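The lines below spell out each chain.
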Amino acid sequence: MGPLLIPLVVAGAVPLVLGRWLSGPRLPLAGWFSAGGGGVLVAAGGWMVADAVDRVYLRQATPLGDRPPERLVRSGWYAVIRNPMAAGMTLVLLGEALLWSAPSIALWAAFVLGISWTAARRVEEPSLAEAFGEEYAAYRRAVPAWTPGTAVRHRPHMNEE
């Protein structure tokens with residue numbers, strides 16, 4: 001239950017409170033688009049979070065926040081972006097903002113993304129670099145942190161082999 005506690009609080013309990021008591025005026029996209037778009041974002045983000053939690057915490061012994069994983073996870077959503085848990089949580093929150101028509105949840109999503117970005121840069125990346133060395137450096141070069149398809153790949157110059 002430990003690995004699921006953070007997503008349940010961040011994307012469940014807090015948005016429930018914000019959506020119920022701090023919902024704002026109906027967003028201009030109210031109606032079927034808001035419900036459909038919100039549903040798609042929640043489903044996609046939930047899938048990303050569930051897949052990431054499964055690969056990092058359930059398939060190997062990795063106590064939450066205690067130490068780096070036993071092996072570098074590069075499959076599933078981790079093959080697409082390096083931070084699928086945080087990106088997925090952000091998508092869930094944006095979807096909930098649409099579903100609840102609550103700008104307060106969109107602000108919460110921005111806050112969560114900011115905290116996630118800072119933690120990834122200052123804590124997770126240095127820890128993984130120390131634990132996995134060149135393997136992690138190669139992974140960082142090949143897989144973008146947040147936006148699919150934006151990794152900087154080395155392309156040899158014409159005179160290189």
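Going by the structure above, here's the rest.
Computed from a predicted model, the values in this text were never measured in an experiment.

### Comments concerning the overall build of the chain
For the chain, the helix and strand inventory stands at 4 helices and 0 strands. Moving toward the C terminus, one meets the helices and strands of the chain in the order α-α-α-α. Within the chain, buried positions represent 35% of all 161 residues. For the chain, the proportion of contacts with a sequence separation of at least 24, taken over those separated by at least 6, is 73%. When the accessible surface of the chain is totalled, it reaches about 9,700 Å², and 66% of it is carbon and sulfur.

### Section: unusual backbone geometry
Comment: phi is negative for the bulk of residues other than glycine, and the bulk of peptide bonds are trans. If you check the backbone angles, Ser 101 has positive phi at about 55° while not being a glycine. By the secondary structure assignment, Ser 101 is in the loop between helix 3 (84-100) and helix 4 (103-142).

### Describing the packing of aromatic side chains
Counted under the stated rule, the structure contains 3 aromatic pairs. When the ring of Trp 108 is compared with that of Phe 111, the centres are 5.6 Å apart and the planes differ by 25°; the resulting orientation is stacked. In this pair, Trp 108 and Phe 111 both sit in helix 4, 3 residues apart, roughly one turn of the helix. For Phe 111, a relative accessible area of 48% gives the class partly exposed.

### Topic: the nonpolar core
In terms of nonpolar packing, the biggest core is built from 24 residues, with Tyr 78, Leu 93, Ile 105, Tyr 136 and Tyr 139 touching the most fellow members. When contributions to this core are tallied by element, the ones reaching two or more residues are helix 1 (2-21), helix 2 (32-58), helix 3 and helix 4. Examining the composition of this core, we find that 7 residues originate from one element, helix 4, more than from any other. Here Tyr 78 is in contact with Ala 52, Val 56, Val 73, Pro 84, Met 85, Tyr 139 and Val 143, once residues within four sequence places are set aside.

### Quick notes on the environment of Arg 140
Tracing the chain through its elements places Arg 140 in helix 4. Arg 140 gets classed as partly exposed once you look at its relative accessible area, which sits at 36%. Separated by 11 residues in the primary sequence, Arg 140 and Ala 129 place their C-alpha atoms 9.4 Å from one another. Ignoring sequence-local partners within four residues, the contact set of Arg 140 consists of Arg 82, Arg 121 and Glu 125.

### Describing the pattern of salt bridges
All chains considered together, the criterion is met by 6 salt bridges. A salt bridge links Glu 125 to Arg 140; the nearest nitrogen and oxygen atoms lie 3.5 Å apart. Between Glu 134 and Arg 141 there is a salt bridge; the shortest N-O distance is 2.7 Å. Among the residues examined, Arg 141 registers a relative accessible area of 45% and is labelled partly exposed. Among the charged side chains, a salt-bridge network with shared partners connects Arg 82, Arg 121, Glu 125 and Arg 140.

Cut-offs and rules
- Residues numbered from 1 in each chain as written.
- Predicted model: local features only at pLDDT ≥ 70, side-chain atom pairs only at ≥ 80, totals over all residues.
- Heavy atoms only, no water.
- Helix = DSSP H or I, 4+ residues; strand = E, 2+ residues; numbered from the N terminus.
- Buried < 20%, exposed > 50% of the residue type's maximum accessible area, 1.4 Å probe, protein only.
- Contact = heavy atoms within 4.5 Å.
- Areas by Shrake-Rupley, 256 points an atom, 1.4 Å probe, with all protein chains shown as cover.
- Phe/Tyr/Trp six-rings, centres within 6.5 Å; stacked < 30°, edge-to-face > 60°.
- Core = buried A, V, L, I, M, F, W, Y, C linked by side-chain atoms within 4.5 Å.
- Salt bridge = Lys/Arg side-chain N within 4 Å of Asp/Glu carboxyl O.

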